[in-house]
Amino acid sequence: MVLLQSTQINRFLLFECNSMLGGINDEDRDGPRSNVRQFASPIRSIAFALQAFDEIPQSDTFAWNSLVQTHIANGDWDLPIFIYNQMLLRGVRPDKRTLPRILNASRFSGNFFYGRQLHGHALKFGFALDSYVITALMDLYGHCDGDGVEAAQRLLDQSHCLNSVSWTMLARLYMARNRSNSVLETFKQMVQLGTVDVDAVALATAINACGQLKSIRDGRRVHDVARKLGLELDVLVCNSLLKMYMDCGSIIDARGVLDQMPSKDVISWTSVIHWYVRNGEFNEALKLFRVMMNSQGVKPDHVLVSGILPACARVAAGKQGKEIHAHSIRTDVGSYQAVQNALMDMYIKSGCLELASRIFNRMNNKDNISWTVMILGHSLHGQGKLGLELFQKMKSSGNAEFDDTLYEAVLHSCVTARQVEEGKSYFKYMKERTVENCCLMVSLLGHAGRFDDAKAFILEHHLERNVRAQRALLDGCRTHQNRILGKKIGEALTKLEPLNADNYILLSNLYASYGKLNVANEFKEVIRDMGLRPKKAYSWIEIRNKVHVFGVGDVSHPRSVRIYHELQALMGKMKEECYVADVDFSLHDVDEERECILVGHSELLALSFGLISTQPAATIRVTKNLRMCQSCHSSAKFISKLVRREIILKDPRRFHHFKDGFCSCEDLQ
């Protein structure tokens, strides 16, 4: 019989072995002889495969190894073991390349008993000291339950296999068991031996262990080793150092590594930019992103873009967000769902709900995050009813997955829309109710004016001493001007938070509204005597890429005269229209605004500056660090009607869209 060429044998064996595993072909399932073929086809495939095995020359170990490697590459872990057994039955002696592959196959298939038998084969065939075989055996034993890593350690000690691969394998096995101290001890022994070449992979493993331990001291020692070995600028080592220093909280060291890297890949930039975003340093994140965009050879991927967009989720950074959106469209990164979700979130939080809705409506596939972001977005912009309608649309889509995060967003919409009964039902659907969820329910009942139900809910869920729950109830008192209950809550807050100056200011304003100025002044003296610092109210607006900040009664701006003149002119027109400002600050926790005339409030100063600095039809976007007072809220509504402009003002609770004399929050501040 003419012997087949090795490549032909490999193809033939691959086809026949796949036939054995695949069972019956589709064409064998039909016809009158299908019952016979059910049994004949697998038997015939095995016969042909065994015949092909017999045709491989005994000296051609390369053909057997190639066949084993082909199935390993395809993820067929059982077939290589079968082929190896057939190889031994035919008297073919494996070489040092065969055993590591079969050991890997036995590990991935979970056949550790067979792997131990292979250890005996390695001893029998004289490969017990081969570095590749030892590394494969260490990998096998390291993934066994029990003392697997210790067995791998003993194997390394007995073999005297002194190379970087085996030492690194042992360190990575320790890492997989969260034994970072053992990793560093192994690395220390490796360096002290002096006979082992420490490569970039070994350094990266040790650096990652330092990051897990949050040990910057050990991290700097490994960094010194990398510097002495001339591997300090290796990309793998540098990226590991970046992550380690950031895990240890040292962004200065991380930036030092990044700045000295001769060639930075997208991973290098992404890790540092994401750190800035996670820690709220948005301006630094955007600065570094611009530096990266100006560098050569690096293009941001979908991971980086979705990570930098939260830095633009602010009114003052909306322009940068639009620029990144445009870049994502040009580079096709915007087609990724994670990027689309991040874009929606960015536009919502920067005050552009309409742009977020466009992205949402164009999405072919919407996941839970997409729906949740838009439902919560409508709530944040005072459109709770639209958020609830969107939830009903999600339910009718048929492929919705309901989780607690989604129900929390729906509960937010119920609060905004004041839908008490729906909110109660969705609250019951939550599997794990957090304190935040309970506070939303208190807020819902309080804003609906159902104070007895709110107090009963607080007692039922043991939230009497929870500050957030008490403040949620206080919000309802502000809406319905319930001064009596507001006074009780204010007194309770001073006991729960005796060092919070805002609580004393709230009571001071409340007593001042009653005309009891002597009591109000007593609370101010308490603040001074205790050395407390009340919050200062600030508002800011971005005009031509520059952010302008205003405080209460601020006259430091170069255009202050023009700003106050514009405000006084508006107030004059409002007076002509018989508008009377609401000056009730009884439940307001900012003392300086109560004592300042209305035209000096920070949000109105920013609004006035926006009116004199933009085109007549432009939308005015203002942000305030504290809640908008009732007087400024009613004034902004009237001004939007006078100047025929849309005014978007964001405070810590929501976006207020003022247009034609109305606000999107429906006066639910």
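Residues numbered from 1 in each chain as written. Predicted model: local features only at pLDDT ≥ 70, side-chain atom pairs only at ≥ 80, totals over all residues. Heavy atoms only, no water.

Draft legend 1. How the structure looks around the overall build of the protein. A tally of regular secondary structure across the protein gives 34 helices and six strands. Relative to its 669 residues, the protein shows a buried fraction of 51%. Looking at the protein alone, contacts between residues at least 24 apart form 65% of all its contacts between residues at least 6 apart. On the protein, roughly 33,000 Å² of surface is accessible, and the fraction owed to carbon and sulfur atoms is 52%. (Helix = DSSP H or I, 4+ residues; strand = E, 2+ residues; numbered from the N terminus. Buried < 20%, exposed > 50% of the residue type's maximum accessible area, 1.4 Å probe, protein only. Contact = heavy atoms within 4.5 Å. Areas by Shrake-Rupley, 256 points an atom, 1.4 Å probe, with all protein chains shown as cover.)

Draft legend 2. The arrangement of a nonpolar patch on the surface in detail. A cluster of nonpolar side chains, namely Y538, V547 and V549, defines an oily patch on the protein surface of about 250 Å² accessible area. As for its position among the elements, Y538 is in strand β1 (residues 538-543). (Patch = residues over 30% accessible without salt bridge, like charges linked within 9 Å, V, L, I, M, F, W, Y side chains within 5 Å. Salt bridge = Lys/Arg side-chain N within 4 Å of Asp/Glu carboxyl O.)

Draft legend 3. View of the sheet that holds strand β2 (residues 546-551). Overall, mixed pairing links the six strands, which are arranged β2-β1-β3-β4-β5-β6 in an open sheet. A strand with exactly one partner marks an edge of an open sheet, and here the two such strands are β2 and β6 (662-663). As defined by bridge partners, β1 adjoins β2 across six bridges and the pair is classed as antiparallel. Of the residues in β2, the one forming a bridge with E542 is V547. Against the sheet, helix α33 (residues 602-613) makes contact with β1, β2, β3 (620-624) and β4 (647-650), and its axis sits at roughly 15 degrees relative to β1, the strand it touches most. (Pairing = 2+ DSSP bridges. Axes fitted to C-alpha atoms, helices over the stretch in contact; angles between N-to-C directions.)

Draft legend 4. Structural detail: the side chain of N503. Structurally, N503 is set in helix α29 (residues 501-513). With a relative accessible area of 1%, N503 lands in the buried category. At 3.3 Å, the side chain of N503 and the backbone oxygen of E497 are in polar contact. Beyond its immediate sequence surroundings of up to four residues, N503 is in contact with R471, L493, T494 and E497. (Polar contact = N/O pair within 3.5 Å; in protein donor to acceptor, adjacent residues only side chain to side chain.)

Draft legend 5. Up close: the packing of aromatic side chains. Applying the stated criterion to the full structure yields 12 aromatic pairs. The interplanar angle of 40 degrees and the centroid separation of 5.6 Å between the aromatic rings of Y407 and Y429 together place this pair among those described as tilted. Residue Y407 is found in helix α23 (residues 404-417), and its partner Y429 is found in helix α24 (residues 420-429); the two are separated by 22 residues along the sequence. The class of Y407 is buried, set by a relative accessible area of 10%. Consider the rings of Y426 and Y429, whose centres lie 6.3 Å apart with planes at 50 degrees: the pair is tilted. Of the two residues, Y426 and Y429 both sit in helix α24, three residues apart, roughly one turn of that helix. Here the guanidinium or amino end of R107 rests over the ring plane of F108, the centre of that ring lying 4.1 Å away. (Phe/Tyr/Trp six-rings, centres within 6.5 Å; stacked < 30°, edge-to-face > 60°. Lys NZ or Arg CZ within 6 Å of the ring centre and 35° of its normal.)

Draft legend 6. Molecular detail of the pattern of salt bridges. As enumerated under the stated definition, the model contains 20 salt bridges in all. For D453, the salt bridge identified is with R450, shortest N-O distance 2.9 Å. The partly exposed category is assigned to R450, whose relative accessible area is 27%. A salt bridge links R627 to D475, with the nearest nitrogen and oxygen atoms 2.9 Å apart. On the criterion of sequence distance, the pair formed by R627 in the loop between β3 and α34 (630-643) and D475 in helix α27 (residues 467-480) is long-range, its members being 152 residues apart. Put simply, D475, R478, R627 and R653 are held in one network by salt bridges that share partners.

Draft legend 7. Highlighting the environment of R362. By the element assignment, R362 lies in helix α20 (residues 353-362). Distance from R362 to Q340, taken between C-alpha atoms, is 10.0 Å for residues 22 residues apart in sequence.

Draft legend 8. Highlighting the pairing of β1. Burial along β1 is one-sided: S539, I541 and I543 are buried, while Y538, W540 and E542, pointing the other way, are not. The antiparallel hairpin formed by β1 and β2 contains two residues in its connecting segment, where R544 sits at a positive phi of about 50 degrees. Across two bridges, β1 lies against β3 in antiparallel orientation. In the strand pairing of β3, W540 is matched with T623.

Draft legend 9. Representation of helix α16 (residues 282-294) within the structure. Taking 1.5 Å as the rise per residue, α16 with 13 residues should run 18 Å; its terminal C-alpha atoms sit 19 Å apart, in good agreement. Of the positions making up α16, those classed as buried are A285, L286, L288, F289 and M292. Seen along its axis, α16 keeps its buried residues to an arc of 165 degrees; they face one direction. If you follow the buried residues of α16, they end up packed against α14 (251-260), α15 (266-278), α17 (302-308) and α18 (318-330). (Expected span 1.5 Å × (residues − 1). Arc of directions from axis to C-beta.)

Draft legend 10. Summary view of the UniProt feature "repeat: PPR" (unreviewed entry) in the protein. Sequence positions flagged by UniProt for "repeat: PPR" (unreviewed entry) are, in local numbering, residues 60-94, 265-300 and 367-401. Structurally, residues 265-300 is divided into 72% helix and 0% strand, and its ends, taken at the C-alpha atoms, are 10 Å apart. The span residues 367-401 shows a helical share of 77% and a strand share of 0%, and its end C-alpha atoms are spaced 8 Å apart. (UniProt positions renumbered as here; feature names shortened; annotations may be inferred.)

Draft legend 11. Region of the structure containing the nonpolar core. Ranked by internal contacts, the top residues of the largest apolar core, which has 143 residues, are L203 and I308. Counting residues per element, this core draws most heavily on α23, at eight residues. Residues within four places of I308 in sequence aside, it is in contact with I273, V277, A285, L286, F289 and I324. (Core = buried A, V, L, I, M, F, W, Y, C linked by side-chain atoms within 4.5 Å.)

Draft legend 12. Region of the structure containing the environment of K536. Residue placement: K536 occurs in the loop between α30 (517-529) and β1. Considering only alpha carbons, one finds K536 and E592, 56 residues apart in sequence, at a separation of 7.8 Å. In this structure K536 touches E592, N625 and L626, once residues within four positions along its chain are discounted.

Draft legend 13. Structural view of the confidence of the model for the protein. Residues at a pLDDT of 70 or more form 89% of the protein, whose mean pLDDT is 84. In this model residues 1-12 is a low-confidence stretch, pLDDT under 50, and it forms 16 contacts with partners more than four residues away in sequence or in other chains. This model gives residues 19-46 a pLDDT under 50, and the stretch forms 17 contacts once residues within four places in sequence are excluded. (pLDDT = per-residue confidence, 0-100.)

Draft legend 14. Quick look at α34. Relative to the 20 Å expected for 14 residues at 1.5 Å per residue, α34 spans 20 Å between its end C-alpha atoms, a close match to the ideal helical length. Extensive coverage of α34 is indicated by the burial of 10 of its 14 residues. Three or more residues of α34 are buried, namely S631, C632, H633, S634, S635, A636, K637, F638, I639 and S640. Contact partners of the buried residues in α34: α31 (560-576), α33, β4, β5 (655-659) and β6. R644 sits one or two residues past α34 and shows a positive phi near 55 degrees.

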